[in-house]
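Observations on chain architecture
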There are 2 protein chains.
Amino acid sequence: MAFTDEELMMRALEIALEGMLAGRGGPFGSVIAKDGVIIGEGSNEVTSANDPTAHAEIVAIRNACRALGSFRLEGCRIYTSCEPCPMCLGAIYWARPEKFFYAGTREDAAAAGFDDEDIYEELALPVPSRRLPAEPMLRDRALDLFREWIEMPDKITY
Amino acid sequence: MAFTDEELMMRALEIALEGMLAGRGGPFGSVIAKDGVIIGEGSNEVTSANDPTAHAEIVAIRNACRALGSFRLEGCRIYTSCEPCPMCLGAIYWARPEKFFYAGTREDAAAAGFDDEDIYEELALPVPSRRLPAEPMLRDRALDLFREWIEMPDKITY
């Protein structure tokens, strides 16, 4: 039986609470479904897995892609307990689902002590204006590499 | 013996080429070093691992954090063969290195067929203006969850 969007979001919120209470990480949960059937779930595991990339959405995307045997979530919907941070929103774009739903907002996350809003502001700035120093170097070598990629036969694009 | 920034970037470019030629994924590589010593590396593994989040920087950050037993890369430098996409740049912010270096630019990546630049543009738009539909729902439940998080004793923040 297929779940409704609201039921799937309630599940994402439940996973978020469970993960938080179990000490796995922050209060975030995510569910991925296709035609109302859950194919992947995840809660934030940053502090328990020692992995700053282990946000709920990333964990759920990895699990769902493993289940599907694909690097694309075409036709899937993502339910996440909070508006994705830039890392997770980027991951959602790369995964190519049809839609996502969110409960809390980035401002709610900021009020609870998380950096999401701050990182959105940084990403929108030109590289030299950001607080995190970034330095370009050896661009010619990267251009050689991209040329090899463009000319490579039988490559799998994503 | 400690490597120089340029040597570490050359290694990132070498890993990118190796990964591409081995069919692991796109032409991207990343190295993470502390005091000139490599503590983590990664190449793009999206198409071979069926994981849309397996960009070189994400793979390298996960490996380096595993090596350090920490979810923070304090005092570390990240060398990446191309300017990070929004997902990877977000991951870099969460990992809190001291600096990062990049060879190719997001425009170079776009010219080679990758969506980085396009995703940067999407992220900068307000939610309703993006091409990927996103729908808010059940925000009150998320606010309850954040309240529980704020009141939770002995939590590990990140």
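Anything mentioned here points back to the structure above.
Values in this document were obtained by computation on a predicted structure and should not be read as measured data.

**Considerations on the pairing of strand E1 (residues 29–34) of chain A**
All names here are of chain A. Counting buried residues along E1, five of its six residues qualify, which places the element largely inside the surrounding structure. Bridging between E1 and strand E2 (residues 37–43) involves six bridges; their strand directions are antiparallel. Among the inter-strand pairings, Ser30 is bridged to a residue of E2, identified as Gly42. As judged from the five bridges shared by E1 and strand E3 (residues 76–82), these two strands associate in the antiparallel manner. Looking at the pairing, Val31 lines up with Tyr79 of E3.

**Let's talk about the packing of aromatic side chains**
Throughout the structure, instances matching the rule amount to 16 aromatic pairs over all chains. Between the aromatic rings of A:Phe28 and A:Phe114, the centroid separation amounts to 4.9 Å while the plane-to-plane angle is 80 degrees, which identifies the pairing as edge-to-face. Here A:Phe28 is found in the loop between helix H1 (5–21) and E1, whereas its partner A:Phe114 is found in the loop between helix H5 (106–111) and helix H6 (116–124), with 86 residues between them in sequence. A relative accessible area of 10% places A:Phe28 in the buried class. The structure contains a cluster of three or more aromatic residues connected by ring pairs, namely A:Phe28, A:Phe114, B:Trp94, B:Phe146, B:Trp149 and B:Tyr158. Geometry around A:Trp149 places A:Lys155 over its ring, the cationic atom sitting 5.6 Å from the centre.

**Digging into the nonpolar core**
Of all hydrophobic cores here, the largest spans 77 residues; its most connected members are A:Ile61, A:Leu73, B:Ile32, B:Ile61 and B:Leu73. Ignoring any residue separated from it by four or fewer positions in sequence, one finds B:Leu73 in contact with B:Ile32, B:Ile39, B:Ile61, B:Ala64, B:Cys65, B:Leu68, B:Ile78, B:Ala95, B:Arg96, B:Pro97 and B:Glu98.

**Here's the deal with the sheet that holds strand E5 (residues 134–136) of chain A**
Spatially, E5(A)-E4(B)-E3(B)-E1(B)-E2(B) is the arrangement adopted by the five strands of the open sheet, whose pairing is mixed. Pairing within the sheet leaves two strands with one partner each, and these edge strands are E5 of chain A together with strand E2 (37–43) of chain B. Taking the axes of each pair of neighbouring strands and ignoring which way they run, one obtains an average angle of 20 degrees across the sheet. Contacts from helix H7 (residues 139–151) of chain A reach strand E3 (76–82) and strand E4 (99–104) of chain B within the one sheet, and its direction differs from that of E4(B) by about 50 degrees.

**Remarks on helix H7 (residues 139–151) of chain B**
The end-to-end C-alpha separation of H7(B) is 19 Å, in line with the 18 Å expected for 13 residues at 1.5 Å each. For H7(B), the complete set of buried residues consists of B:Ala142, B:Leu145, B:Phe146 and B:Trp149. Buried residues of H7(B) fall within an arc of 100 degrees about the axis and therefore sit on the same side. Exposed positions of H7(B) whose direction lies more than 90 degrees from the buried face are B:Asp140 and B:Glu151. Against H1, E3, strand E4 (99–104) and H5 of chain A lie the buried residues of H7(B).

**With respect to the interface of chain A and chain B**
On the chain B side, the residues contacting the 85 residues of chain A number 85 residues. Buried area between chain A and chain B, both sides added, is near 7900 Å², and the carbon and sulfur share of it is 70%. Summed over the three residues of chain A that lose the most area to chain B, namely A:Tyr93, A:Trp94 and A:Tyr158, the buried surface amounts to 11% of that side. Taken together, the connections running from chain A to chain B amount to eight salt bridges. In this structure, the salt-bridge partner of A:Arg139 is B:Asp108, at a minimum N-O distance of 2.6 Å. Summed over the shared surface of chain A and chain B, the result is 22 residue pairs in polar contact (both at pLDDT 80 or more). In the side of chain A that touches chain B, the residues fall into 52 nonpolar, 14 polar and 19 charged. As judged from the three bridges shared by E4(A) and strand E5 (residues 134–136) of chain B, these two strands associate in the parallel manner. Across the sheet, A:Phe100 pairs through a bridge with B:Ala134, a residue of E5(B).

**Notes on the relation of the copies chain A and chain B**
For the pair chain A and chain B, the relating rotation is 180 degrees, the translation along its axis is 0.0 Å, and the fit reaches an RMSD of 0.0 Å. The transformation relating the two chain copies, once decomposed into turn and shift, fits a two-fold axis. Within chain A, A:Met87 has its C-alpha nearest the rotation axis, a separation of 1.9 Å. A symmetric contact is evident, with 100% of the interface residues of chain A recurring at the interface of chain B.

**Here's the deal with the environment of A:Tyr120**
Within the secondary structure, A:Tyr120 is located in helix H6. Taking C-alpha positions, A:Tyr120 is 6.1 Å from A:Pro86, a pair spaced 34 residues apart along the chain. With residues up to four places along the chain from it excluded, the contact list for A:Tyr120 reads A:Pro84, A:Cys85, A:Pro86, A:Leu89, A:Arg106 and B:Leu123. A distance of 2.8 Å separates a polar atom in the side chain of A:Tyr120 from the backbone oxygen of A:Pro84.

**Focus: the sheet that holds E2(A)**
Strand order in the open sheet formed by five strands is E2(A)-E1(A)-E3(A)-E4(A)-E5(B), with mixed pairing between adjacent strands. If you trace the sheet from one side to the other, it starts and ends with E2 of chain A together with E5 of chain B, each paired once. The average undirected angle you get between the axes of adjacent strands in this sheet is 20 degrees. Across five bridges, the pairing between E3(A) and E4(A) is parallel. Each bridged residue has a counterpart across the sheet, and for A:Tyr79 the counterpart in E4(A) is A:Phe101. Against the sheet, helix H3 (residues 56–68) of chain A engages E1, E2 and E3 of chain A, with an angle of about 140 degrees to E2(A).

Cut-offs and rules
- Residues numbered from 1 in each chain as written.
- Chains lettered and ligands numbered in written order.
- Predicted model: local features only at pLDDT ≥ 70, side-chain atom pairs only at ≥ 80, totals over all residues.
- Heavy atoms only, no water.
- Buried < 20%, exposed > 50% of the residue type's maximum accessible area, 1.4 Å probe, protein only.
- Helix = DSSP H or I, 4+ residues; strand = E, 2+ residues; numbered from the N terminus.
- Pairing = 2+ DSSP bridges.
- Phe/Tyr/Trp six-rings, centres within 6.5 Å; stacked < 30°, edge-to-face > 60°.
- Lys NZ or Arg CZ within 6 Å of the ring centre and 35° of its normal.
- Core = buried A, V, L, I, M, F, W, Y, C linked by side-chain atoms within 4.5 Å.
- Contact = heavy atoms within 4.5 Å.
- Axes fitted to C-alpha atoms, helices over the stretch in contact; angles between N-to-C directions.
- Expected span 1.5 Å × (residues − 1).
- Arc of directions from axis to C-beta.
- Buried area = accessible area lost by both parts, 1.4 Å probe.
- Salt bridge = Lys/Arg side-chain N within 4 Å of Asp/Glu carboxyl O.
- Polar contact = N/O pair within 3.5 Å; in protein donor to acceptor, adjacent residues only side chain to side chain.
- Nonpolar A, V, L, I, M, F, W, Y, C, P; charged D, E, K, R; others polar.
- Least-squares fit on C-alpha atoms with pLDDT ≥ 70 in both.

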